[in-house]
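Inside the fold
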Amino acid sequence: MTMIEQNLQTVRQRIASACLAAGRDPREVALLAVSKTFDAQAVHAAYRAGQIAFGENYIQEAVQKITQMRALIALDGEGLQWHCIGPIQSNKTRLVAEHFDWVHTVDRLKTAQRLSEQRPATLGPLQVCIQVNVDGGVTKSGVSPPDALALARAVAALPGLRLRGLMSIPEPEPDFEVACAVFARVRALFDALNADGLALDTLSMGMSADLEAAIRAGSTLVRVGTAIFGGRPQPLAQPE
Ligand SMILES: *Cc1c(COP(=O)(O)O)cnc(C)c1O
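Since the structure is predicted, the reported quantities are computational estimates derived from the model, not experimental observations. (Residues numbered from 1 in each chain as written. Predicted model: local features only at pLDDT ≥ 70, side-chain atom pairs only at ≥ 80, totals over all residues. Heavy atoms only, no water.)

The subject of this paragraph is the overall build of the protein chain. Scanning the protein chain from terminus to terminus reveals 9 helices and 8 strands. What you see for the protein chain is a C-alpha radius of gyration of 17 Å, in line with the 18 Å of a compact globule of 240 residues. Per-residue burial for the protein chain yields a buried fraction of 50% across its 240 residues. In the protein chain, 64% of the contacts between residues at least 6 apart in sequence involve partners at least 24 apart. On the protein chain, roughly 11200 Å² of surface is accessible, and the fraction owed to carbon and sulfur atoms is 54%. Considering the protein chain, the positive charge centre built from 23 side chains and the negative charge centre built from 24 side chains are found 3 Å apart. (Helix = DSSP H or I, 4+ residues; strand = E, 2+ residues; numbered from the N terminus. Rg over C-alpha atoms; globule rule 2.2 N^0.38 Å. Buried < 20%, exposed > 50% of the residue type's maximum accessible area, 1.4 Å probe, protein only. Contact = heavy atoms within 4.5 Å. Areas by Shrake-Rupley, 256 points an atom, 1.4 Å probe, with all protein chains shown as cover. Lys, Arg positive; Asp, Glu negative; His and termini not counted. Charge placed at Lys NZ, Arg CZ, Asp CG, Glu CD.)

Rendered as structure tokens:
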């Protein structure tokens with residue numbers, strides 16, 4: 001068994017245990033393998049271990065990898081699913097619209113509009129989450145919770161996109177209960193948007209260090225990098 005295969009098993013077990021502890025069905029929580037800075041071979045090893053969904057932050061690095069993987073894997077119906085989880089500058093929206101299946105980091109209407117316009121019709125709508133800055137970190141991306149409803153309504157109306165939910169990256173928090181409480185605020189916002197009539201089904205929160213707390217609070221998709229692929233080298237130099 002490869003290291004990546006072993007790590008994937010461990011992460012899947014962590015997800016299952018967290019679901020059990022929270023009284024949830026493990027099938028409610030998807031695993032996104034965050035492969036940023038790792039090469040196509042690492043992605044292929046994870047794919048051979050049954051992993052289908054991959055998350056990438058650096059757009060040009062990702063597009064290269066997506067293209068390599070397409071060549072590597074016989075197109076047997078079930079292709080890979082690629083999720084953009086990094087910040088998106090305006091000059092990268094076209095690449096994202098043309099190569100990704102999901103985007104988790106929409107926090108401005110302008111970006112959403114460009115993605116919608118640039119999404120090739122043949123690919124079907126791009127699946128989108130709105131990134132929420134739940135703990136007010138000033139340097140971080142994400143819409144502030146009070147602005148989330150208006151943005152969500154506007155994004156939901158765009159023809160090239162399908163709004164699926166919310167994403168958040170809270171500051172690292174070592175105390176489990178405190179971490180749960182922060183994630184629960186994102187969950188509460190998610191519930192409020194659904195009560196308002198938006199049919200959201202995806203709550204993208206939780207990473208290697210805090211997936212248990214996120215699952216307790218209702219996460220439906222955890223984004224896990226280090227615990228699967230190991231420690232990351234310096235990001236490949238790529239101005240975004
Ligand atoms: C890198 C990254 C992850 C994965 O983080 P790990 O701590 O390595 O699991 C998840 N989400 C986002 C947005 C990231 O940039």
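Here the focus is the packing of aromatic side chains. This structure, assessed with the given rule, holds 2 aromatic pairs. Plain terms: the ring middles of Phe38 and Phe229 are 5.4 Å apart, the flat faces sit at 25 degrees to each other, and that makes the pair stacked. Pair noted here: Phe38 is in the loop between β1 (30–34) and α2 (40–48) and Phe229 is in helix α9 (residues 226–229), with a separation of 191 residues, a long-range link. With relative accessibility at 15%, the residue Phe38 sits in the buried group. According to the relative accessible area criterion, Phe229 is buried, its value standing at 10%. When the ring of Phe54 is compared with that of Trp82, the centres are 5.6 Å apart and the planes differ by 35 degrees; the resulting orientation is tilted. On the criterion of sequence distance, the pair formed by Phe54 in strand β2 (residues 53–56) and Trp82 in strand β3 (residues 81–84) is long-range, its members being 28 residues apart. Classification of Phe54 as buried rests on a relative accessible area of 0%. (Phe/Tyr/Trp six-rings, centres within 6.5 Å; stacked < 30°, edge-to-face > 60°.)

Our next topic: the pattern of salt bridges. According to the stated counting rule, one finds 10 salt bridges in the structure shown. Lys65 serves as the salt-bridge partner of Glu56, at 2.8 Å between the closest nitrogen and oxygen. In this pair, the class of Glu56 matches that of Lys65, namely buried. For Asp196, the salt bridge is made with Arg153, and the minimal N-O distance between the two is 2.9 Å. Separated by 43 residues along the polypeptide, Asp196 in the loop between α7 (176–195) and β7 (202–204) and Arg153 in helix α6 (residues 145–156) bring together distant segments of the chain. (Salt bridge = Lys/Arg side-chain N within 4 Å of Asp/Glu carboxyl O.)

With that settled, consider the environment of Asp39. Position of Asp39 relative to the elements: it lies in the loop between β1 and α2. Taking C-alpha positions, Asp39 is 28 Å from Asp107, a pair spaced 68 residues apart along the chain.

As for its position among the elements, Lys36 is in the loop between β1 and α2. One buried charged residue, Lys36, remains without a salt bridge, the closest side chain of opposite sign being Glu56 at 8.7 Å.

The next thing to look at is the pairing of β1. Along a regular strand, successive side chains alternate from one face of the sheet to the other. Across the 5 residues of β1, 4 count as buried, placing the element largely inside the fold. The pairing of β1 with strand β8 (residues 221–224) spans 4 bridges and is classified as parallel. Residue Leu31 lies in a different strand from β8, and its bridge partner there is Val222. For β1 and β2, the ladder comprises 2 bridges, and the chain directions are parallel. For Val34, the partnering residue across the bridge sits in β2 and is Gly55. (Pairing = 2+ DSSP bridges.)

Along the chain, Thr93 turns up in helix α4 (residues 93–99). Placed 20 residues apart in sequence, Thr93 and Gln113 show a C-alpha to C-alpha distance of 9.6 Å. In terms of polar contacts, Thr93 uses its side chain to reach the side chain of Arg114, at 3.1 Å. One polar contact links Thr93 to Gln118, side chain to side chain, over a distance of 2.7 Å. (Polar contact = N/O pair within 3.5 Å; in protein donor to acceptor, adjacent residues only side chain to side chain.)

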